[in-house]
Amino acid sequence: MQQVVSDTKKLFNENGEVVFGGWSKSPLFEYNKGQYQTPNKLCEKDCYYITNKEMGFYLSVETQGFEMLIKIIFVNYRNGRVSQDYISKKFMLSPTKLPEAGNSGEFSYTDKKIALTLTNTVDGRYIKCDFIDFANYKNLYVKVLVKKLQGESMNIIAPFEKSKKNFYFKRFVPKFTAKGVVSFGGTEYNLDEENSYVYFDWSRYSLPRHQKYQVLNGIFTIGGHTVAINLASRVGDNKKGNENCFFVDNYLFKIGKIKVGGDEKRYDKEWFFKADDGSLDLTFTPKNNSGALLSCKCEKDVVVFGNLNGYIVDENIGNVKFKNKPVHMIFTTL
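Note that the structure is a prediction, hence the values are computed from the model and not measured.

Caption draft 1: Layout of the layout of surface pockets. Considering only enclosed or pocket space, the largest pocket measures out at about 480 Å³ in volume. If you trace the largest pocket, you find 21 residues lining it, with C43, Q64, E67, H210 and K300 closest to the centre. Its residues placed into classes, the lining of the largest pocket shows six nonpolar, six polar and nine charged. Considering only enclosed or pocket space, the second largest pocket measures out at about 410 Å³ in volume.

Caption draft 2: Looking closely at the environment of K112. Inspection of the secondary structure puts K112 in the loop between β8 (106-110) and β9 (114-120). Placed 117 residues apart in sequence, K112 and I229 show a C-alpha to C-alpha distance of 37 Å.

Caption draft 3: Just the pairing of strand β16 (residues 212-222), in detail. A large share of β16 lies buried, amounting to nine of its eleven residues. Note that β16 and strand β27 (residues 318-333) share six bridges and pair antiparallel. Each bridged residue has a counterpart across the sheet, and for K212 the counterpart in β27 is T333. When β16 meets strand β17 (residues 225-232), the two strands line up antiparallel, connected through eight bridges. The partner of G218 across the bridge, within β17, is I229. Following β16, the chain reverses through two residues before pairing antiparallel with β17; G223 in that reversal takes a positive phi of roughly 55°.

Caption draft 4: The arrangement of empty space enclosed by the protein in detail. Counting across every chain of the model gives four cavities of 30 Å³ or more. Taken as a whole, the largest cavity spans an internal volume of roughly 130 Å³. Lining the largest cavity we find 18 residues, and of these K45, Y58, D301, T332 and L334 sit closest to its centre. For the lining of the largest cavity, the secondary-structure elements that each account for two or more residues are β4 (43-51), β5 (55-64), β15 (197-206), β16 and β27. Among the residues forming the lining of the largest cavity, the class breakdown is eight nonpolar, three polar and seven charged.

Caption draft 5: Summary view of the state of the cysteines. Counted according to the given criterion, the structure contains zero disulfides. Just so you know, C47 is unpaired, no disulfide at all, and the nearest cysteine sulfur is the one on C298, 11 Å from it. Judged by its relative accessible area of 1%, C47 falls in the buried class. The thiol sulfur of C298 is not disulfide-bonded, and the nearest other cysteine sulfur, from C296, lies at 6.0 Å.

Caption draft 6: Summary view of the nonpolar core. Membership of the largest hydrophobic core comes to 48 residues, with the highest contact counts inside it found for I50, L59, I70, I72, I114, L116 and L140. For this core, the leading source of residues is strand β13 (residues 163-184), giving seven residues. The residues contacting I50, other than those within four sequence positions of it, are M55, G56, F57, I127, V144, V146, A178, L191, Y197 and V198. The next biggest cluster of nonpolar side chains, apart from the first, holds 33 residues, and it includes W23, I156, C298 and L334.

Caption draft 7: The packing of aromatic side chains, seen in detail. Evaluation of the coordinates by the stated rule reveals 25 aromatic pairs. For the ring pair F20 and F29, a centre distance of 5.9 Å and an interplane angle of 40° mean the geometry is tilted. The exposure class assigned to F20 is buried, which follows from its relative accessible area of 14%. Owing to a relative accessible area of 2%, F29 belongs among the buried residues under this scheme.

Caption draft 8: Highlighting the environment of T63. Along the chain, T63 falls in strand β5. Taking the relative accessible area as the measure of exposure, T63 reaches 8% and is therefore buried. As a C-alpha pair, T63 and K45 span 18 residues in sequence and 6.6 Å in three-dimensional space. Apart from residues no more than four positions distant in its own chain, T63 is found in contact with L42, C43, E44, M68, T96 and L98.

About the criteria used
- Residues numbered from 1 in each chain as written.
- Predicted model: local features only at pLDDT ≥ 70, side-chain atom pairs only at ≥ 80, totals over all residues.
- Heavy atoms only, no water.
- 1 Å grid on protein atoms, 1.4 Å probe; cavity = no way out; pocket = protein on both sides within 12 Å on 5 of 7 lines; lining within 4 Å.
- Points joined across faces, edges and corners; volume = space filled by probe spheres on them.
- Nonpolar A, V, L, I, M, F, W, Y, C, P; charged D, E, K, R; others polar.
- Helix = DSSP H or I, 4+ residues; strand = E, 2+ residues; numbered from the N terminus.
- Buried < 20%, exposed > 50% of the residue type's maximum accessible area, 1.4 Å probe, protein only.
- Pairing = 2+ DSSP bridges.
- Disulfide = S-S within 2.5 Å.
- Core = buried A, V, L, I, M, F, W, Y, C linked by side-chain atoms within 4.5 Å.
- Contact = heavy atoms within 4.5 Å.
- Phe/Tyr/Trp six-rings, centres within 6.5 Å; stacked < 30°, edge-to-face > 60°.

Pasting the structure below:
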């Protein structure tokens, strides 16, 4: 039985352990990192996906102890091409930490190839990136304000039964718009509040072992309404709250247990998502561009872009139909 949390809770108790699980529609879980006994073992990730009808820009910054990984993917929907690049650093003497609070703090990193700054404010987040010879091709430049809107978010805590030191904590937040520019290869893509869609994937975790993980994400419009979706494989004990959900106009609708079918070794094949009670039936179909799969491998991630078809039935809003909606699947190892 999934458990809705309605009051503020600290993630770690006085012993640095996670002793509860559940989910909420607002960020009620306090990430009291200072209580954790071995903070260098914590994996932290901030991920943004910014899109309009012409392009998609994916940025992920991951840190653990003295290691840092920056992953950037650019997909051009005009010509059906995907470009990717990443920066991996280990044994950094003074690693830059990701902001602990959503409305303050800054991440900044600069080397010979990239200058990246992520600044959190009360109104949203500023993203500035200058990547030289991105994907060994041309320069990538990004200057965007990701503006926060009113609405709900998906927040889950999944503990591990055998170890209270391990946990999975995730927020999926699609209540943003983007204003600014993304420039790649001499072509500028202008973003404003009317043509842009953004989701923010924030996760902090410590796992007992590496595990495979796949997630389907997307944000788009249906009948004049903004719709976002997040369907993911299980991490930890999620009996009291998994991360499956969708949003309509920034309001969250929870999805229960579903069956998933697909082949992790064949990224060109369809994936199926179904609920036993018939409330959900979705199919992800990868896109092809002149016989080439619209996908890329970025470090250990494989990202496949495609279309979503099917329906979700919710008792509050009825039948939501998906017809060739742009989404992507990410296959990785946590």
